[in-house]
Amino acid sequence: MNNENSFETFLYISKKKISILVWKNDTKDKLYENEFILENESINSELSQLEKFLSSNIVQIEKYLKRFIKKIILIIDHEEPFKIKLSLKKKNYGNFLNVKSLGLLLKDARSQIKENYNDNVIAHMIIDKYLVDGNSFTYLPGNIKFDNLSLEINFVCYSKDLFNELKKELGKYHIEIKQILSASYIRDYFSFNEKNEK
């Protein structure tokens with residue numbers, strides 16, 4: 001395992017357990033997996049247990065991989081995320097929408113959330129609806145000219161205090177948080193897709 005991009009590391013934290021999983025990116029084969037069941041469901045207990053869990057598992061993983069873990073994907077399942085809904089409107093003057101202008105609109109949305117809810121960290125940004133000249137879509141219709149675009153966006157956020165505590169714990173092992181995922185959002189997303197496939 002010489003290439004850092006050849007594997008992905010996930011750390012799952014809930015009120016009931018902490019688990020870690022490393023998989024090979026090209027095959028999704030599990031290279032390492034371990035979990036610890038928590039006895040006490042408080043955040044302070046979780047953090048002290050997390051420290052013990054990481055100290056015993058990170059070394060084992062790095063020996064197995066023969067590489068240091070530099071980044072980790074954090075999956076949080078111990079508190080309900082803070083959800084924020086935002087609508088943005090953009091005049092398009094009868095032009096086609098390009099990826100760059102959509103990207104700028106989404107960047108503006110993120111900036112507004114970060115500025116106005118600066119005690120939170122964004123885990124997910126979901127476009128719920130595109131309104132194109134008054135017509136509603138769940139996807140961005142391609143190759144059409146229009147005058148007005150509105151986006152209905154849902155942000156899934158977590159407390160910056162929690163994020164900083166977890167960042168501090170992982171920082172002891174020189175590990176950065178690559179991405180934060182909400183376990184409840186992931187569950188909702190997959191159950192929604194399963195219902196729509198039937």
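Scroll up for the structure.
Reading the values: rules and limits
Residues numbered from 1 in each chain as written. Predicted model: local features only at pLDDT ≥ 70, side-chain atom pairs only at ≥ 80, totals over all residues. Heavy atoms only, no water. Pairing = 2+ DSSP bridges. Helix = DSSP H or I, 4+ residues; strand = E, 2+ residues; numbered from the N terminus. Axes fitted to C-alpha atoms, helices over the stretch in contact; angles between N-to-C directions. Contact = heavy atoms within 4.5 Å.

Novice: Just checking my understanding: could you explain the sheet that holds strand β3 (residues 30-37) for this structure?
Specialist: Sheets are built from strands that pair by backbone hydrogen bonding, the pairs being arranged parallel or antiparallel. Strand order in the open sheet made by the five strands is β3-β2-β1-β4-β9, with mixed pairing throughout. Across the chains shown, the open sheet's two edge strands, defined by having one partner strand only, are β3 and β9 (176-182). Across this sheet, the average inter-strand angle for adjacent strands is 15°, counted without regard to direction. With six bridges connecting them, strand β4 (residues 71-77) and β9 associate as parallel partners. Bridged to I75 within β9 is L181. Along the sheet face, helix α3 (residues 160-171) touches β1 (7-14), β4 and β9 and points at about 140° away from the line of β9.

Novice: Even after reading the chapter, I still don't get the sheet that holds strand β5 (residues 82-96), so can you show me in this structure?
Specialist: The strand order across the open sheet built from four strands is β5-β8-β6-β7, with neighbouring strands paired in antiparallel fashion. Unpaired on one side and paired on the other, β5 and β7 (135-137) mark the two borders of the sheet. Strand-to-strand, the axes of this sheet are offset by a mean angle of 30°, without reference to chain direction. As paired strands, strand β6 (residues 120-132) and strand β8 (residues 145-159) are joined by eleven bridges and run antiparallel to one another. Looking at β8, one finds that N120 is bridged to S159. Across the sheet, α3 is in contact with β6 and β8; its angle to β8 comes to roughly 60°.

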